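Summary of structural features
Below, each chain spelled out in residue letters.
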Amino acid sequence: MAARWLAVLFAALLAACSATPPPEPVPPPLPAFTRAATELTTGWQFRFDDRLTPEAAAALPDDQWESVALPHSWNRLGEYRIGRTAATDNRQGKGWYRLRLDGAALPAGKRHVIEFEAVGNLADLWVNGRHVGSHAGAFSRFRFDLTDFLDPAGPNTILLRADNSAPVRGSTTQHIVPLDGDFFIHGGIYRPARLLHVAPSHIALDDHGGPGVYADSRFNDDGSATLRVRAKFTGVERGQFLDLRLFDADGAFVNGLLIPLGVGQTEAEGEFDVDAPRRWDGRRDPYLYRLEAKIHTFATTFDSVSVPVGFREFRVDPNSGFHLNGKHLPLHGVSRHQDYLGKGWALAPEDHERDMALIAEMGANTVRFAHYQHAPDWFDLADRHGMIVWAEIPFVNRVSNDDTTGSPELVANAKAQMVELIRQNYNHPSVVTWGLGNEVDLDMVLNRVGTGADARPLLRELDTLAHAEDPTRPTVIADCCEATHEGDTPPAQPPRQPVLTGISDLMGYNRYYGWYYREIPDLGPHLDRLHKRYPDIPISVSEYGAGGALTQHVEDPATHKIAAHGRPHPEEYESWFHEQSWPQLRDRPYLWANWIWNMFDFSSKIRQEGDATDVNDKGLVTYDRKVRKDAFFYYKAQWSDAPVVHIASRRWTERTEPLTTIKVYSNAPAVAVTFNGKPLGDIACAGSICEIAGIRLVPGANRVTATARFDGKDVSDAVEWTLTRP
């Protein structure tokens, strides 16, 4: 082993001095890496107090604090009832967190770096009364090196102030995006935090929250792939090496590279080939490799980082849509907000896993991470489930609260959040596009702030920045408004019509025909006009949807007048909306993707709609994830290979009108229906919808069953409706 290691060292030194380096031999196994982490889950104290100062907070007696565990948010918003109760906590302002650490318990000889996965919205950190730093933005990871602030032998007080004040003019958050949006910014340390203990020589932790190791690949003509790796370091000393090793999903070594480092070197780059790699192929085969990067000498490993690697290539064509690994892949999926009834944004890993499992169950193959950077767990889950991801920054609705194109501070903040999004998630193969903004033309169309608040200059700067950070992925924008009222008589479109199309590589259109404006059949022709207008730009539908309240029902949604901004929101209308919308999208192959708005109901202070308060009810699943609405099963029958038999209007249990229609969603050719024990025969399913009209309910209980056969097995569903008046 020693002789082989000497050969490795000699080859590495020769490679450093030679213009044509020889192939690198595989280095021997190394000792376990020395990076460690202390999860900062318990021991925190919390107090919401806008008037508190750092000095007063540090001195405040323990009985003036509430004991909490991370993740934590003080906000709870959204109830399935009319009007708020004590369950609602929509306070915006400053929340304080205090934690005591015993310096003597920390590993000696290490640097101690605190890592927060996210804090909403503006974070300030003090250690032992000294201000360490600030971070502006509610959604990205950030770190501070605490080593020089800590007492290594005694008690230490960590104090964090989380500020989610409304971003109005003159506020502490006035220059932090988003300034607006149909979602609520929850305050607090709502994702995990930890203390990282690293050797003085370590892979960089100060690279905008990124892993410090970034890999991308290209395929070669012979079927191999070349993996290019860039790494950043801190404190490199004499005789140290960067050791790169690629492992397959079973942990077997594939290939690697050993790069000698010079004293004080901060970056290195290298590449090596992988013979016939197994491709990350979306939901068909989400195969992941693992890249380990280590800093070591002959005898000691100082630090190690592991990142995912997925070998895949994709392209987006303006006429034929999305292609993954040379195959056309029609993308159909959902958008997702990260909040949860009763928890706000303070989610546990099992909450993320449940969300992804529901999306996968429905048969989606893509997720739009709206409207901000989601948790690291969510990116990992997308990789493992093979979801194609649109990831975006929270540049939403408006660029300023006045008549400008954005203050210098806001522009800097949006750019900082763009860099954080890309560097922190660069290695995830699921991510195919970086989103620059969502509906930032809305305020311009509504003319809320005058004539100067044009978001397009900042969008162009963000586009340039995103391509500089990541030349391998295209950019995208979600537009709200272009030409949505085109053809109206008299013209309904406001005269000031900004155009965002063409600023980014790809385009997404948020379109709500039949909900907020016009009629559902207008959707397809509108998209055709946009495609004709922009034949060289790949376009998608980044949002479409309708509200659905579980306690509100109608017999004939096609003739029911809905109240998009109020009540009611019948569940049957949501289902009918999707039945009419999806075929228009499915039959337009030039659309590179389509995303339903939204997978889950979510909180929003501006919503007093349907049967809820502070809830946007366009989800296919309820805010508490307990109920899959009827529309969920419509899409499951469209997209999934799993057997589906689902009787719609199942929650409309109390009826007053005797005539009704039985509707079943199924991916079988037909379903056998019985009504009150009487067979109604096999009902053919057209477009996964199986209907029989003119059913007369009898007073009292009425039972409906539907059955279809899949691979020799019967799958059934049953509901009971009660007619309370003949």
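Residues numbered from 1 in each chain as written. Predicted model: local features only at pLDDT ≥ 70, side-chain atom pairs only at ≥ 80, totals over all residues. Heavy atoms only, no water.

**Examining the nonpolar core**
Quick note on the threshold: Joining through side-chain atoms within 4.5 Å is the link that ties buried Ala, Val, Leu, Ile, Met, Phe, Trp, Tyr and Cys residues into a set, and such a set is a nonpolar core. Each residue's exposure class comes from its accessible area (1.4 Å probe, protein chains only) as a fraction of the maximum for that residue type: buried when under 20%, exposed when over 50%, partly exposed otherwise. Note on conventions: DSSP H or I runs of at least 4 residues are helices, E runs of at least 2 residues are strands, and numbering of each starts at the N terminus. Any two residues having at least one pair of non-hydrogen atoms within 4.5 Å are treated as being in contact.
Ile359, Met362, Phe395, Met418, Met599 and Tyr635 are the most contacted members of the largest nonpolar core, which has 95 residues in total. The greatest single-element share of this core, amounting to seven residues, is contributed by helix H5 (residues 408-425). If sequence neighbours within four positions are ignored, methionine 418 has contacts with Ile393, Trp434, Gly435, Leu436, Leu462, Leu465 and Ala466. Phe233, Ile259, Val274 and Val309 belong to the second-largest nonpolar core, a separate cluster that totals 30 residues.

**Some thoughts on unusual backbone geometry**
Cis geometry is adopted by the peptide bond preceding asparagine 121, which originates at glycine 120 and carries an omega value of 10°. Within the secondary structure layout, asparagine 121 lies in the loop between strand E5 (111-116) and strand E6 (122-127). A cis amide bond links valine 177 with the next residue in sequence, proline 178, at an omega value of 10°. Here proline 178 lies in the loop between strand E9 (155-163) and strand E10 (193-198). In the Ramachandran plot, glutamate 439 falls in the positive-phi region, its phi being about 50° despite a non-glycine side chain. Here glutamate 439 lies in the loop between strand E25 (431-438) and helix H6 (442-446). Residue classification places glutamate 439 among the buried residues on the basis of a relative accessible area of 13%. Unlike most non-glycine residues, aspartate 711 shows phi in positive territory, near 50°. Topologically, aspartate 711 is positioned in the loop between strand E38 (700-710) and strand E39 (713-723).

**So, helix H10 (residues 630-639)**
Burial runs high along H10: nine of the ten residues are buried. Residues of H10 that are buried include every one of Asp630, Ala631, Phe632, Phe633, Tyr634, Tyr635, Lys636, Ala637 and Trp639, and no others.

**Some words on a negative patch on the surface**
Test applied: Every patch collects residues that have over 30% relative accessible area and no salt bridge, joining them within 9 Å if they carry like charges and within 5 Å if they are nonpolar side chains (Val, Leu, Ile, Met, Phe, Trp, Tyr). Using the Shrake-Rupley algorithm and a 1.4 Å probe, accessible areas are obtained, with residue cover drawn only from the displayed protein chains. Just to be clear on terms, a salt bridge is a Lys or Arg side-chain nitrogen sitting within 4 Å of an Asp or Glu carboxyl oxygen. Two residue types count as positive, namely Lys and Arg, and two as negative, namely Asp and Glu; His and chain ends fall outside the count. Every charge is mapped to an atom, namely NZ of Lys, CZ of Arg, CG of Asp or CD of Glu.
A cluster of acidic residues, Asp221, Asp222, Asp273 and Asp275, forms a negative patch at the surface. Tracing the backbone through its elements, the reader meets aspartate 221 in the loop between strand E12 (213-219) and strand E13 (225-234). Residue classification places aspartate 221 among the exposed residues on the basis of a relative accessible area of 86%.

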